[in-house]
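Each chain, written out:
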Amino acid sequence: MQNTGDSDLKADVVASICGSAWGLRVSIIGSQANDRWEMKIIGPNAFEWSYTLEGSSGQHRPEMIRAVIGQLLPLRKE
C-alpha cells in the first residue's frame, strides 16, 4: 500500500487480506488528487486484475477490500 495516508489503516488492510489471496500479489496505490485507490492483483499464469476502490463508497475499509478480493477468488479456484 502506498499513498493511502493512514498507517493504522494500512496495517488493518494488510492484516485483513493477508492469507486470503492464495498466492496472489495485491498492490494498492492511493491518489493525492481524489479518494480513489487503484488496486492491482497479480497471480499465477499471467493473471492480472485491476479495480478502483472508491473512498466515498466505503471501499477503503479493510472488510470491503477483502470482500472485493473474495468476489474474485471463487472465479480463480480450480
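Quick caveat, the model's predicted, so the values are computed rather than measured.

Colleague: Can you walk me through the overall build of the protein in this structure?
Modeller: Check the secondary structure of the protein and you find two helices and three strands. Going from the N terminus to the C terminus, the protein shows its helices and strands as α-β-β-β-α. Here the protein has roughly 5,000 Å² of accessible surface; of this, 48% comes from carbon and sulfur atoms.

Colleague: What am I meant to see in the pattern of salt bridges here?
Modeller: Think of it this way: side chains of opposite charge can pair up when their charged atoms draw near. Enumeration over the complete set of coordinates arrives at three salt bridges. One salt bridge in this structure joins R36 and E54, with 2.9 Å as the shortest N-O distance. Remark: E54 occurs in strand 3 (residues 47-54) and R36 occurs in strand 2 (residues 36-43); sequence separation between them is 18 residues. For R61, the salt bridge identified is with E63, shortest N-O distance 2.7 Å. A relative accessible area of 41% means that R61 is categorised as partly exposed. Taking relative accessible area as the criterion, E63 reaches 45% and is therefore assigned partly exposed.

Colleague: What is the right way to read the sheet that holds strand 3 from this model?
Modeller: The strands making up a sheet associate through backbone hydrogen bonding, with each pair oriented either parallel or antiparallel. In space, the three strands of this open sheet follow the order 1-2-3, with antiparallel pairing throughout. Every interior strand has two partners, whereas the edge strands, strand 1 (25-30) and strand 3, have only one. Each adjacent strand pair in this sheet contributes to an overall mean axis angle of 20°, direction not counted. As defined by bridge partners, strand 1 adjoins strand 2 across six bridges and the pair is classed as antiparallel. Bridging from a neighbouring strand, G30 pairs with W37 of strand 2.

Procedures and definitions
- Each chain has its residues counted from 1, following the order in which its sequence is written.
- Local features in this predicted model are restricted to residues whose pLDDT is 70 or higher, and side-chain atom pairs enter the listing and the counts only when it is 80 or higher, whereas totals over whole chains, interfaces and linings include all residues.
- By convention in this description, side-chain values take in all heavy atoms of the structure and omit both hydrogens and water.
- Helical segments are the DSSP runs of H or I of at least four residues, strand segments are the runs of E of at least two, and each set is numbered from the N terminus.
- Exposure was quantified through the Shrake-Rupley algorithm and a 1.4 Å probe, taking into account, for residues, occlusion by the shown protein chains and nothing else.
- Counted as salt bridges are all cases of a side-chain nitrogen of Lys or Arg within 4 Å of a carboxyl oxygen of Asp or Glu.
- A simple rule labels every residue: compare its accessible area, found with a 1.4 Å probe on the protein chains alone, to the largest value its type can have, and call it buried under 20%, exposed over 50%, or partly exposed in between.
- For two strands to be treated as a pair, DSSP must find no fewer than two bridges joining them.
- To obtain an axis, a line is fitted to C-alpha atoms, over the contacting stretch when the element is a helix, and the angle between two such axes runs from 0 to 180 degrees between their N-to-C directions.

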